[in-house]
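Here are the chains, one letter per residue:
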Amino acid sequence: MATPKTKTSKVWDHFILDNVKKVVKCNICKGDLAWHGSTSSMMEHLKRKHVGVLEDDSTRPKRSCASPTAMDQYLQRKRPVPLQQATALTNSILTMLVKDMRPMSMVDGEGFREMIRQFNPEYILPSRTHFTHLMEKKYEATLLKVKETIKEVKSALTLTADVWTSRATEAYLGVSCHFISEDWEMKTLNLATMPLEERHSGVNIMTWLEEVIAKYDILPTKIKAVVHDNGSNIVAAMRMLEEKHGWASVRCSGHTLQLIVNNALKEPSISRAVGAARHLPDQWVLLEELTQGLQPFQCATVYLSGQEYATASCLPQLVKGLQRSTQQTRFETGAGKAFLASAEKGINERWGCLNTISAEKENPIVLSASLDPRFRKLKFMGAEDGTRVQGTIEVLAIKEVRGSEIQGCERVQQQRVSVPGRGDKSALDNLLQSDTDSLSEEEDESHEDQKLQMARSEVQMYFAEPAIHKKDDPLRWWRENKGRFPVLSKLARSFLCIPATSTPSERIFSVAGNICSQKRASLSGDHVEMLTFLHFNPE
């Protein structure tokens, strides 16, 4: 039987003719069909055995040859994505999950997989388990980097701490670390979103905080202060830590402001007037007064909650400004006057001892303000108290000098021990010694006295200079003047890093709340901590 001169039917895209055996072979299933010079049996075979093939072919251009070429087969073959490109895509997806706080289960979603296939059909999306494993590895690597960063910090550190309960009624302790870098930039690191399984007592909170700093190899002596809210349990924990390690306890000014305002708004006359204001147009006068009265508190709260600039040093002057605002504002309504009186009373009760100076106990807020060149004239306190603050700074400067001297002597002693032949003097050394060599210890003492006097002069010169403008950046000023004040700059780096609020640790819970959403209520505590840690400590 003669071979057809031309093969115009689309079925020939899927069959090969063998004239010798008088059969056609299916390219799809490799089955043979008897060839009788007609394509009818071939068409039936495709319809019955390979449903949809003919429909797909209707959108393709007609072929002019009997069989696919080697080039066609090569182009149609699905090629895998190169390993380097696949790794980059996978890491990019993991970064997106962490940065946008998305659940790991997102990679199992059909819609997400279809989107990835559309972007790159050859990329094989890994499973949720694989991404979880990658997240754990990334956490361990980032943890080591954070530990190394903290190890290189030469100044003191400040912590912020808070306790939070998730939607799944699981409790966590959030801890952030704050310091000023060598370039005089404010830095914040997330240290923990620790799942808590025991009662939140003062003793337990103290133990948990000690466990956090031990995890990062932080010596207790390196902690300057801990900022926290007014909860009785964490206040009790800080009282014990202050006694044990000397950590300063700093109450969150944002929480204190909230308590002052809430108590002022609870005045019976205000509650009645606000309720009636919904129905009586003349009560709008009160609402306008309350809006005006609350504005300074709102402004102070926003400013003190900042994380990129010095805040604790501003607190004494801001409190003074709030007191002045409540005293100088004049309202017409009785409820408005009651709000001002209650707010002023709350400020005096909660911050009455803010500027207290004691020889037995440091006041980190006042010392921070004194080392802020905007407030170094200490106008928020009396002249006598200001003199005491300057004296305290001088004492701290002398301690800093002596501490540096001790460390320097220890390094020199280690070098002498490590050098051969630098032990006891020989008889020849004694013979060659001059009469003035015995004065070396006295010379060392004289050198130390000179350094102490320079430190005193440095303190006097600092406080004698005029304050810089309130809008100027104190950290930038210290970066430009650290050469003039080498001792005080070390103290400033330790005190100016103290935040005025515990907002940084509360921001942890804002993120953790997104991670512990309804769809992820069963997420393990360890994975919550890892995801939060990676979100706040990006590479």
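The structure displayed is predicted, hence computed values, not measured ones.

Peer 1: What's the story with the overall build of the protein in this structure? I'm lost.
Peer 2: If you tally the helices and strands in the protein, you get 21 helices and eight strands. Within the protein, buried positions represent 42% of all 539 residues. In the protein, 66% of the contacts between residues at least 6 apart in sequence involve partners at least 24 apart. When the accessible surface of the protein is split by element, carbon and sulfur atoms take 52% of a total near 30,700 Å².

Peer 1: Sorry, what's going on with the pairing of strand β6 (residues 186-196) here?
Peer 2: Every regular strand shows the same layout, with side chains that alternate between the two sheet faces. The element β6 is largely enclosed, with a buried count of eight among its 11 residues. Across 10 bridges, the pairing between strand β5 (residues 171-180) and β6 is antiparallel. Paired with Ala171 across the strands is Leu196, a residue of β6. Two successive antiparallel strands, β5 and β6, enclose a turn made up of five residues, where Trp184 displays a positive phi of approximately 60°.

Peer 1: Can you walk me through the side chain of Asn537 in this structure?
Peer 2: With respect to the helices, strands and loops of the structure, Asn537 is situated in the segment after α21 (525-536). For Asn537, a relative accessible area of 5% corresponds to the buried category. A distance of 2.9 Å separates the side chain of Asn537 from the backbone oxygen of Asn190, its partner in a polar contact. Excluding residues within four positions of it along the chain, Asn537 makes contact with Thr142, Val146, Leu189 and Asn190.

Peer 1: Can you walk me through the sheet that holds strand β7 (residues 223-228) in this structure?
Peer 2: Spatially, five strands are ordered β6-β5-β4-β7-β8 in an open sheet, and the strand pairing comes out mixed. Among the strands making up the open sheet, the edge pair consists of β6 and β8 (248-251). Strand-to-strand twist of the sheet, defined as the mean angle between neighbouring strand axes without regard to direction, takes the value 25°. Pairing of strand β4 (residues 157-165) with β7, which is carried by four bridges, proceeds in the parallel orientation. Within β7, the residue paired with Thr158 across the bridge is Ala225.

Peer 1: Is there a simple way to think about the packing of aromatic side chains in this case?
Peer 2: Aromatic rings considered in pairs are described by the distance between their centres and by the relative angle of their planes. Overall, the coordinates contain 11 aromatic pairs when judged by the stated rule. For the pair Tyr462 and Phe463, a centre-to-centre distance of 5.0 Å together with 80° between the ring planes defines the contact as edge-to-face. Assessed through its relative accessible area of 0%, Tyr462 is described here as buried. Judged by centre distance (5.6 Å) and plane angle (25°), the rings of Tyr462 and Trp478 are stacked. Pair noted here: Tyr462 is in helix α17 (residues 440-464) and Trp478 is in helix α18 (residues 474-481), with a separation of 16 residues, a long-range link. A single burial state applies to Tyr462 and to Trp478, both of which are buried. Here the aromatic cluster, defined as three or more aromatic residues joined through ring pairs, consists of Trp184, Tyr462, Phe463, Trp477, Trp478 and Phe485. Positioned above the aromatic ring of Trp184, the side-chain terminus of Arg493 is 4.3 Å from the ring centre.

Peer 1: Could you clarify how one ought to interpret the sheet that holds strand β2 (residues 23-26) in this entry?
Peer 2: Note: strands within a sheet are paired through backbone hydrogen bonds, in either parallel or antiparallel orientation. The strand order across the open sheet formed by three strands is β1-β2-β3, and the pairing between neighbours is antiparallel. If you trace the sheet from one side to the other, it starts and ends with β1 (15-18) and β3 (32-34), each paired once. Averaged over all adjacent pairs, the angle separating strand axes in this sheet is 30°, with direction ignored. Sheet analysis places β2 next to β3, joined by three bridges and oriented antiparallel. Of the residues in β3, the one forming a bridge with Lys25 is Asp32. The sheet strands contacting helix α1 (residues 40-49) are β1, β2 and β3, and the helix crosses β3 at an angle near 145°.

Peer 1: Mind showing me how you'd approach unusual backbone geometry here?
Peer 2: Within the chain, Lys22 stands out as a residue other than glycine whose phi angle is a positive 60°. Mapping Lys22 onto the fold places it in the loop between β1 and β2. Among the residues examined, Lys22 registers a relative accessible area of 32% and is labelled partly exposed. If you check the backbone angles, Asp217 has positive phi at about 60° while not being a glycine. Structurally, Asp217 can be placed in the loop between α7 (202-215) and β7.

Peer 1: Would you explain the layout of surface pockets in this entry?
Peer 2: The volume enclosed by the largest pocket comes to roughly 1,500 Å³. Around the largest pocket, the lining comprises 45 residues; the ones closest to its centre are Ala156, Thr221, Lys224, Glu400 and Ser494. In terms of residue count, helix α15 (residues 383-418) provides more of the lining of the largest pocket than any other element does, 10 residues in total. In this structure, the second largest pocket encloses a volume near 740 Å³. Broken down by secondary-structure element, the contributors of at least two residues to the lining of the second largest pocket are α8 (232-245), β8, α9 (253-265), α13 (334-351) and α14 (364-370). The class makeup of the residues in the lining of the second largest pocket is 12 nonpolar, eight polar and seven charged.

Rules used in this analysis
Numbering of residues begins from 1 in every chain and follows the order in which that chain's sequence is written. Local features in this predicted model are restricted to residues whose pLDDT is 70 or higher, and side-chain atom pairs enter the listing and the counts only when it is 80 or higher, whereas totals over whole chains, interfaces and linings include all residues. Only hydrogens and water are set aside; all other atoms, that is, all heavy atoms of the structure, feed into the side-chain values. Think of it this way: any DSSP run of H or I at least four residues long counts as a helix, any run of E at least two long counts as a strand, and we number them from the N terminus. Relative accessibility thresholds used throughout: buried, under 20% of the residue-type maximum; exposed, over 50%; partly exposed, between the two (1.4 Å probe, protein chains only). Two residues qualify as a contact provided that any one of their heavy atoms is within 4.5 Å of a heavy atom in the partner residue. Accessible surface area values rest on a Shrake-Rupley calculation with a 1.4 Å probe, where residue burial reflects the displayed protein chains alone. When DSSP finds at least two bridges between two strands, those strands are taken to pair. Any pair of nitrogen or oxygen atoms within 3.5 Å is treated as a polar contact; in protein, a donor-acceptor pairing is required on top of that, and neighbouring residues in sequence qualify only through side-chain atoms on both sides. Comment: axis = line fitted to C-alpha atoms, over the contacting stretch for helices; angle = value between 0 and 180 degrees taken between N-to-C directions. The criterion for an aromatic pair is that two Phe, Tyr or Trp rings (for Trp, the six-membered ring) have centres within 6.5 Å, with stacked assigned to planes under 30 degrees apart, edge-to-face to planes over 60 apart and tilted to the rest. Put simply, a charge is over a ring when the Lys NZ or the Arg CZ is close to the ring centre, within 6 Å, and near the line of the ring normal, within 35 degrees. Any residue with an atom within 4 Å of a point lines the site, the site being either a cavity, points on a 1 Å grid over the protein atoms alone where a 1.4 Å probe fits but cannot get out, or a pocket, an open set with protein on both sides within 12 Å along at least 5 of 7 lines. Grid points are joined across faces, edges and corners, and a volume is the space filled by probe spheres set on the points. Just so you know the grouping, Ala, Val, Leu, Ile, Met, Phe, Trp, Tyr, Cys and Pro go in nonpolar, Asp, Glu, Lys and Arg go in charged, and all remaining residues, Gly too, go in polar.

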